[in-house]
Amino acid sequence: MTIKRWISAALLMLLLSACASQAPTAPAKEVRELTVMTHDSFAVSAELVARFEEENQAKVTFIKGGDAGAALNRLILTSLAGAPEADVFYGLDNTFLSRALDNALFEAYAAPALGRIPDAFKLDPGNRALPIDYGDVCINYDKAWFASKGLPLPQSLEDLTNPRYKGLLVVENPATSSPGLSFFLASVAAFGEAGWQEWWKALKENGVVVVSDWESAYYTNFSGSSGRGSQPLVVSYASSPAAELIYAETPLEEPPTGSIVADGTCWRQIEFAGILKGTPNRQLAEKFIDFLLSKAFQEDMPLQMFVYPVLPDAVLPADFARASAVPDRPASLDPQLIAAKRDEWVQAWTALMLK
Amino acid sequence: MSNMNGKRGGLWWKLLLWLLPAAFLLIFFYQPLTAILRLAFSMRAEGGGQSFLPGLAAKTFAFTLWQAVLSTLLTLVIGLPAAYLFSHYEFAGRKFLRLIALLPFILPTVVVAVSFNSLLGPRGWLNVGLMALFGLSEPPVRLLNSLPAILLAHVFYNSSIIIRIVGGAWSRLDQKLTQAAQMLGANPWQVFWEVTFPLLLPAAAGASLLVFLFDFTSFGVVLMLGGPAFATLEVEIYTQALYLFNLPLAGLLSLIQLAFTLLVAWAHNRVSLPRYGKAALSAEKANLRPPRTKKEKVFTFVTAAVLIALLLLPLLSLVTRSLVSLEAERGERGEAQTGFTLRYYRELFRDTTGSIFYVPPAVAVRNSVLYAAAAMLIANMLGLITSYALHFSGRLARWLEPVLILPLGASAVTLGLGFVIVFRRAPWDGVSFSILIPFAHALVALPLVVRTLLPALRGIPDSLRQAASTLGAGWARVFREVDLPLLLRPLLVCMVFAFTISLGEFGASSFLSTGRNPTIPVAIYRYISQPGALNYGQALAMSTILLVVCALGSLAIEKARLPGEELF
Amino acid sequence: MLEIREIYKNYEGRPLLQGISFAVQAGETVCLLGESGSGKSTLLRIIAGLEAAESGSIWWDGEEISDMPAHKRGFGLMFQDYALFPHRTVEQNVAFGLRMLGLPRAEVEARTRAALGIIRMEDFAKRAVTELSGGEQQRVALARALAPNPRLLMLDEPLGALDHALRVQLIAELRSILHASAKPAIYVTHDREEAFGLADTLMLLHQGRIVQAGTTAQLFRQPANAWAAGFLGLGTLLSGSVVGLEPLRVKTALGVLQASACGQEWQVGGAAQLLLRPRDALVLHGMPEGENQFSACVVDCLFMGETYQSHLRANDFSFSIQTDRALAPGSDVTIAFPPERVSCLKGEL
């Protein structure tokens with residue numbers, strides 16, 4: 001009996017002390033709170049955030065809401081229910097841009113930094129969704145595998161239906177994966193609305209492996225990752241080889257994987273941020289957007305999130321620039337078209353590939 | 001009002017008992033659920049164009065049911081012999097194996113997927129071994145992304161439930177009953193069929209039901225190990241709500257899942273009323289003895305081997321993979337280091353990126369343990385009160401119990417969204433999300449606690465309480481002196497369950513976590529969602545830490561009672 | 001019919017049964033009497049086949065059955081707490097053994113009814129066993145064990161949980177049932193009253209060995225050693241040492257007493273225990289003068305229905321006697337024990 005009381009008391013004390021240690025110390029001046037919702041891959045240096053908090057007497061809370069599509073939908077749902085979760089949202093990408101704008105999620109903000117950003121990134125003329133960074137979804141390949149087999153790399157999407165690449169490619173389900181959706185849209189861009197079904201059918205006959213999410217594809221199926229799977233070709237990001245280099249166990253000269261950046265095989269993802277409609281912290285939110293577009297943050301991004309800055313004068317880290325490739329002509333589609341047809345396409349793809 | 005057997009006691013007394021559980025369920029379950037469902041169906045009303053897709057709903061339901069039934073049967077095939085093994089025989093390594101049997105239950109699916117892959121994947125140990133042995137060029141075992149992978153993972157996860165619950169009941173079954181049957185001429189099969197099986201049925205039915213419910217609401221396993229060709233209700237809800245943005249359909253599927261859960265819970269109540277439970281249990285612990293005859297030895301060996309293969313190997317695979325560097329085969333030109341390394345563990349403690357989201361393992365462990373401890377306390381206190389409330393509700397309990405099981409059948413996605421909606425609006429928006437996490441975990445653990453405590457409570461003879469009353473003990477004293485000591489063992493079992501469930505919980509935590517205070521599973525997920533060998537290794541190292549924390553937690557709770565006494 | 005040879009059994013590393021051998025003939029009721037923890041139930045379980053002995057063998061009609069599994073031996077066992085199947089009715093419990101024999105349904109029903117008739121519980125057939133009183137459960141357990149007509153019946157302290165009056169009644173019933181069935185039976189208990197009421201042959205089990213075996217009368221008249229006398233409650237034991245042989249004289253706290261040698265070898269100086277049976281005491285007038293006479297103080301005197309039982313004390317030695325007449329508490333009396341009635345026994349208590 002006493003033992004049980006002792007345990008309960010100990011646990012209670014632990015709990016209370018933990019709560020106490022998490023309680024914010026009373027601020028000398030008034031501290032404003034800002035909530036930022038991001039997707040799961042968001043990362044930023046602690047000292048940058050600390051500097052922002054100090055300069056603005058603010059406390060920033062980050063909520064990670066899933067991958068790009070999931071986070072957005074969650075935000076829309078909660079806003080519809082009258083319970084908006086955040087003041088600022090970062091992580092909207094061009095495949096879902098229309099959905100955010102149609103649901104009137106953001107307030108417009110003409111940030112001063114916009115003037116220095118190339119027009120190609122400004123997909124929203126109304127400045128409700130502001131471009132922050134971009135990256136490319138490309139096919140990664142396992143260098144060692146291809147070297148040992150002496151196979152040439154595929155140079156186009158059509159190449160992938162060549163029998164010599166049978167069973168070598170793993171892709172993600174566009175219904176449940178953001179890179180999967182991007183790759184799919186690249187195929188629509190390449191073969192047109194009438195032709196993509198043929199190409200996917202041929203891919204299916206050529207033994208393409210479909211999995212649900214990026215983690216499974218990359219770490220379970222891809223032979224070039226630590227998971228040592230059996231497919232040497234995977235749909236991932238152009239910057240993934242850079243991550244393999246930087247996060248390698250032993251110092252490497254070259255990354256063990258590479259990206260195929262041939263024309264039309266990659267899909268450009270531009271990521272946006274926006275101030276959520278009805279936020280009570282408009283001023284602070286603006287400051288945060290400025291922060292996202294500042295040189296400091298833009299230069300911090302590559303090593304944190306493995307994406308490219310939209311600010312032209314941001315300097316890239318050497319390793320990153322060396323190991324990451326940028327396609328000259330990535331695929332793209334009219335956002336209006338995507339908005340109108342995406343769901344229909346995905347359903348057709350599901351019927352074709354998964355049933 | 002001064003006695004505890006509930007015959008008298010007054011209505012207001014019973015209502016008082018129900019107050020706390022009712023408030024808990026209303027606030028943390030029914031409120032979020034109605035909020036999200038109302039939103040879902042209102043979108044249909046105005047939006048139009050979003051279809052209910054009855055064909056899809058029916059097909060998904062059929063598949064969910066089919067794989068759940070199959071999984072449950074397979075789990076019983078593995079779990080029942082194992083339950084018999086642990087409750088009857090003493091053998092080398094028994095305590096260790098029993099501890100291992102509990103661990104899979106708490107692992108996040110991400111970790112399980114990785115372990116399975118490292119063991120069974122195209123370049124996992126099994127295939128590599130077979131290929132070397134038979135000189136094959138293609139990996140012969142293609143287990144992943146298939147229905148067998150789903151079934152295997154379910155058995156891996158849920159065998160521990162059968163072992164714990166059925167094994168516990170078996171070890172308390174009065175051995176004299178089986179001996180009496182033997183003396184009356186029953187051969188071993190007849191002994192089992194005529195005596196053991198009917199008396200074990202309440203426990204077995206209850207355990208099977210739980211396993212079935214877990215398999216029915218399975219999400220991560222189906223998504224990651226089954227692949228995109230398979231979708232249970234839960235997966236479909238996730239896809240429809242968060243990707244295809246068809247919330248009305250998600251709402252409908254949630255309702256179907258809930259309704260079915262209610263049905264199953266009600267059916268179980270009918271089957272498992274322990275009418276003769278008290279009489280069949282002996283006060284003394286069954287004596288474990290080493291296997292003697294050849295048949296017994298073979299049985300012990302085979303069952304233990306199967307358990308090791310199924311439960312231990314994947315875990316071992318995970319742990320060894322976190323300690324071994326295999327980078328030499330990836331063709332880098334630098335100095336290749338293979339073999340044993342602590343590099344991944346060291347990396348965990350280093351903040352290489354300076355990211356604000358870097359969390360030292362100690363912090364993640366602290367968060368997880370605190371949440372788990374809080375969830376455990378909440379679930380057990382509430383569970384105790386709820387069990388008493390049900391006990392005193394007499395016949396009404398039969399209708400109220402299924403209602404308590406509902407949280408297990410609610411979709412985590414639906415509930416998670418509901419939580420977010422409710423707790424970001426007035427009057428709740430002042431509540432920090434961190435506080436919500438233990439309550440969300442307690443919601444899942446509560447049915448399990450009640451399921452374990454209530455039969456134990458019903459098994460306390462009224463005569464004991466009456467004797468105490470006549471000796472002058474008030475109700476509080478009776479509770480402390482009579483009920484609590486007898487409930488201590490099942491309470492400890494529940495505490496272990498609640499603790500481990502909370503440790504491995506990922507769904508609710510991922511919805512409710514803010515960036516800087518993740519639990520261990522969330523932290524693992526962060527590592528594995530980035531490329532890079534170090535990230536992968538750190539995910540494995542963190543998973544191993546989770547295993548160790550859970551094992552230690554379970555051990556600590558069990559040892560808190562009389563050391564050396566077995567606890568089922 | 002049943003023969004046990006040299007059974008050895010250890011419990012938790014220490015010896016429990018050390019070389020038990022005996023036989024049970026047809027129609028004979030053997031009673032195994034011993035203290036709690038002496039291994040009686042274990043022995044029964046070994047005979048039943050539910051436990052294995054360290055060494056030794058079990059024989060039935062000349063055939064060794066030591067390795068035969070329990071369910072094939074055809075022995076009936078009645079458990080200490082009845083072990084009725086709680087999920088079956090009275091009728092189903094009794095019918096269980098008959099069903100295991102594979103008999104046709106009609107025969108099972110008929111024999112079940114007959115068994116219920118013997119214990120006079122026909123009306124209870126459909127009742128749940130959990131609703132029965134202790135005595136009723138015991139009778140059902142007996143019927144269940146007897147119904148399949150086992151070739152040997154074993155009873156493990158079946159009357160332990162019952163009150164005195166019920167016990168007396170059930171002992172009588174059991175005796176008549178056992179003799180009517182003419183089966184060999186082994187009855188295990190620690191209660192002498194039960195043993196005296198049922199046994200044809202009484203065996204005393206002490207420290208892993210059978211200390212004495214014989215009819216009740218034999219054990220009563222000539223206990224084998226001091227422990228047996230004490231356990232059977234034959235009287236008070238007075239310790240002393242031998243001072244003379246022919247006749248046997250023992251020096252005790254009450255003086256030197258003459259005793260009967262009981263057919264054993266004695267040596268001067270050896271330790272001895274004298275058995276003083278209450279019934280054999282003589283109350284004399286006057287002061288103690290002859291052999292085996294001493295004075296004692298009456299502590300109290302109770303009327304037992306036919307006789308008076310008095311507790312006396314002499315020189316710090318307490319003992320009881322049974323007389324036809326009352327003795328005044330507090331008075332001094334002279335007590336004599338005739339030498340031929342005082343048994344001299346070996347061994348410690």
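Treat the numbers as computed from the prediction; the structure is a model and nothing was measured.

Enquirer: Would you take a moment to explain the pairing of strand 3 (residues 29–34) of chain C for this structure?
Expert: Here is the key point about a regular strand: its side chains alternate between the two faces of the sheet. Residue and element names in this part refer to chain C. In terms of burial, strand 3 is a largely internal element, six of the six residues being buried. Here five bridges tie strand 3 to strand 8 (residues 185–189), and the two strands are oriented parallel to one another. By the bridge assignment for strand 8, Cys31 is matched with Tyr187. Pairing of strand 3 with strand 9 (residues 201–206) involves five bridges; the strand directions are parallel. Paired with Leu32 across the strands is Met203, a residue of strand 9.

Enquirer: How should the pattern of salt bridges be read in this particular structure?
Expert: For side chains bearing opposite charge, pairing can occur when the charged atoms are close. Scanning the entire structure with this criterion turns up 29 salt bridges over all chains. Of the charged contacts in the structure, one is a salt bridge between C:Arg167 and C:Asp191, with a shortest N-O distance of 3.0 Å. On the criterion of sequence distance, the pair formed by C:Arg167 in helix 5 (residues 164–181) and C:Asp191 in the loop between strand 8 and helix 6 (192–198) is long-range, its members being 24 residues apart. C:Arg167 sits in the buried class, given a relative accessible area of 19%. Take C:Asp191: its relative accessible area is 17%, and that puts it in the buried class. Bridged by salt links that share partners, the residues A:Arg99, A:Arg342 and A:Asp343 form one connected network.

Enquirer: Explain the packing of aromatic side chains to me, please; I cannot follow it from the model alone.
Expert: The description of an aromatic ring pair rests on the distance of the ring centres and on the angle between the ring planes. According to the stated counting rule, one finds 62 aromatic pairs over all chains in the structure shown. Geometrically, the ring pair formed by A:Tyr134 and A:Tyr308 is stacked, given 5.5 Å between the ring centres and 20° between the ring planes. Here the residue A:Tyr134 occupies a position in strand 5 (residues 130–142), and A:Tyr308 occupies one in strand 11 (residues 308–309), the gap between them amounting to 174 residues. Using a relative accessible area of 12% as the deciding quantity, one classes A:Tyr134 as buried. For A:Tyr308, a relative accessible area of 6% corresponds to the buried category. Centroid distance B:Tyr388 to B:Phe392: 6.1 Å. Interplanar angle 50°. Geometry classified as tilted.

Enquirer: When you look at the sheet that holds strand 12 (residues 248–252) of chain C in this model, what are you seeing that I'm missing?
Expert: The pairing of strands in a sheet comes from backbone hydrogen bonds and takes either a parallel or an antiparallel form. All names here are of chain C. Across the sheet, five strands lie side by side as 13-12-11-14-20; this open sheet has antiparallel pairing. Whereas interior strands pair on both sides, the edge strands pair on one side only; in this sheet they are strand 13 (255–259) and strand 20 (343–345). Strand after strand, the sheet turns through a mean of 45° between neighbouring axes, direction not considered. The pairing of strand 14 (residues 271–276) with strand 20 spans three bridges and is antiparallel. Among the inter-strand pairings, Leu275 is bridged to a residue of strand 20, identified as Ser343.

Enquirer: I keep staring at the interface of chain A and chain B and nothing clicks. Help me out?
Expert: The interface is formed by 78 residues belonging to chain A together with 72 residues belonging to chain B. Of the roughly 6,900 Å² buried where chain A meets chain B, counting both sides, 59% is carbon and sulfur surface. Along the contact surface separating chain A from chain B lie zero salt bridges. If you look at where chain A meets chain B, you find zero residue pairs in polar contact (both at pLDDT 80 or more). When contributions to the side of chain A that touches chain B are tallied by element, the ones reaching two or more residues are helix 1 (2–22), helix 2 (46–56), strand 2 (58–64), helix 3 (68–80), strand 7 (209–211), helix 7 (214–221), helix 8 (240–246) and helix 12 (335–354) of chain A. Of the residues forming the side of chain A that touches chain B, the biggest block, 10 residues, is contributed by helix 1 of chain A. Looking at the side of chain A that touches chain B residue by residue, the classes come out as 38 nonpolar, 24 polar and 16 charged.

Enquirer: Teacher, can you tell me more about the interface of chain B and chain C here?
Expert: Interface size is commonly expressed as the accessible area that is lost once the parts come together. Each side of the interface is counted separately: chain B has 20 residues, and chain C has 24 residues. Buried surface at the junction of chain B and chain C, summed over both partners, amounts to about 2,000 Å²; 69% is from carbon and sulfur atoms. Summed over the three residues of chain B that lose the most area to chain C, namely B:Met183, B:Leu184 and B:Glu194, the buried surface amounts to 38% of that side. Applying the counting criterion to the chain B and chain C interface returns three salt bridges. Residue B:Lys176 is joined to C:Asp81 by a salt bridge in which the shortest nitrogen-to-oxygen separation is 3.8 Å. Across the chain B-chain C interface, the total number found is three residue pairs in polar contact (both at pLDDT 80 or more). At the level of elements, helix 7 (175–183), helix 8 (188–216) and helix 12 (277–280) of chain B are the ones that each hand at least two residues to the side of chain B that touches chain C. Ranked by residues supplied to the side of chain B that touches chain C, first place goes to helix 7 of chain B with seven residues. Looking at side-chain class alone, the side of chain B that touches chain C contains 13 nonpolar, five polar and two charged residues.

Enquirer: I keep staring at the state of the cysteines and nothing clicks. Help me out?
Expert: Residues and elements named next belong to chain A. All told, the structure shown has one disulfide over all chains when counted by the stated rule. Each disulfide pairs two cysteine sulfurs, and for Cys138 the partner residue is Cys266, the sulfurs being separated by 2.1 Å. Torsion about the S-S bond of the Cys138 and Cys266 cystine: about 120°, corresponding to right-handed handedness. Residue Cys138 is found in strand 5, and its partner Cys266 is found in the loop between strand 9 (257–260) and strand 10 (267–276); the two are separated by 128 residues along the sequence. The two residues Cys138 and Cys266 agree in class, both being buried.

Quick notes on the rules
- Residues numbered from 1 in each chain as written.
- Chains lettered and ligands numbered in written order.
- Predicted model: local features only at pLDDT ≥ 70, side-chain atom pairs only at ≥ 80, totals over all residues.
- Heavy atoms only, no water.
- Buried < 20%, exposed > 50% of the residue type's maximum accessible area, 1.4 Å probe, protein only.
- Helix = DSSP H or I, 4+ residues; strand = E, 2+ residues; numbered from the N terminus.
- Pairing = 2+ DSSP bridges.
- Salt bridge = Lys/Arg side-chain N within 4 Å of Asp/Glu carboxyl O.
- Phe/Tyr/Trp six-rings, centres within 6.5 Å; stacked < 30°, edge-to-face > 60°.
- Axes fitted to C-alpha atoms, helices over the stretch in contact; angles between N-to-C directions.
- Contact = heavy atoms within 4.5 Å.
- Buried area = accessible area lost by both parts, 1.4 Å probe.
- Polar contact = N/O pair within 3.5 Å; in protein donor to acceptor, adjacent residues only side chain to side chain.
- Nonpolar A, V, L, I, M, F, W, Y, C, P; charged D, E, K, R; others polar.
- Disulfide = S-S within 2.5 Å.

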